[in-house]
Amino acid sequence: MVLISLVLAGVVVWALIRLGRQTEGPRRGQWRVAATLISAALLAGGLLALSRGVWITGAGLCAAALWLTVASRIRTVPPRAEGLSDAEARAILGVSAEATAQDITAAWRRLMARAHPDQGGTEGLAARLNAARDHLLRK
């Protein structure tokens with residue numbers, strides 16, 4: 001029982017550290033941390049049930065913990081530049097149809113300064129900005 005408590009305490013500390021260093025939007029990052037804590041509790045309950053001989057409940061709890069862990073780690077694929085039209089790319093960057101490469105780059109830098117994950121933005125928004133810039137600069 002002491003070993004299970006130590007493992008749970010380690011998972012809680014790891015989850016709190018991860019919450020402080022999250023690089024994604026607040027909802028998704030908090031979901032992952034909460035899922036980590038819940039799956040750790042499910043796993044501990046499953047192991048405790050298995051150690052007492054309650055096989056079906058223990059196996060069910062361990063399976064639920066494994067599923068929750070895997071489901072919370074699935075990341076979405078960033079948008080690809082091929083899926084954007086010219087109008088969408090210009091709307092994302094906020095540039096006109098007559099914008100030059102310097103205007104596009106300046107708009108991208110201005111928006112990326114706020115949308116970069118290191119500056120509090122999200123990976124998805126930064127990927128959309130990069131895709132829009134790449135799409136417009138290829139033309």
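Above this text you will find the structure in question.
Residues numbered from 1 in each chain as written. Predicted model: local features only at pLDDT ≥ 70, side-chain atom pairs only at ≥ 80, totals over all residues. Heavy atoms only, no water.

Novice: What exactly am I supposed to notice about the overall build of the protein here?
Specialist: A count of helical and extended segments in the protein gives six helices and zero strands. Helices and strands appear in the protein in the N-to-C order α-α-α-α-α-α. Taken over 139 residues, the protein has a buried fraction of 29%. Within the protein, contacts between residues separated by at least 24 positions form 57% of all contacts whose residues are at least 6 apart in sequence. Carbon and sulfur atoms form 65% of the exposed surface of the protein, whose accessible area is close to 9000 Å². (Helix = DSSP H or I, 4+ residues; strand = E, 2+ residues; numbered from the N terminus. Buried < 20%, exposed > 50% of the residue type's maximum accessible area, 1.4 Å probe, protein only. Contact = heavy atoms within 4.5 Å. Areas by Shrake-Rupley, 256 points an atom, 1.4 Å probe, with all protein chains shown as cover.)

Novice: Sorry, what's going on with the packing of aromatic side chains here?
Specialist: Two aromatic rings, taken as a pair, are described by how far apart their centres are and by the angle between their planes. Applying the stated criterion across every chain, the model contains zero aromatic pairs. The residue whose ring lies beneath Arg133 is Trp108, and the NZ or CZ to ring-centre distance is 4.1 Å. (Phe/Tyr/Trp six-rings, centres within 6.5 Å; stacked < 30°, edge-to-face > 60°. Lys NZ or Arg CZ within 6 Å of the ring centre and 35° of its normal.)

Novice: I keep staring at helix α4 (residues 86-93) and nothing clicks. Help me out?
Specialist: Each full turn of the α-helix corresponds to 3.6 residues, which orients residues three or four apart in the same direction. Three or more residues of α4 are buried, namely Ala89, Arg90 and Leu93. All buried residues of α4 fall inside an arc of 95° around its axis, so they share one side. Residues of α4 that are exposed and point more than 90 degrees away from the buried face comprise Ala87 and Ala91. Tucked inside the fold, the buried residues of α4 contact α5 (101-115) and α6 (123-138). Gly94, located one to two residues past α4, shows a positive phi value of around 75°. (Arc of directions from axis to C-beta.)

In short, geometric facts, not functional conclusions.
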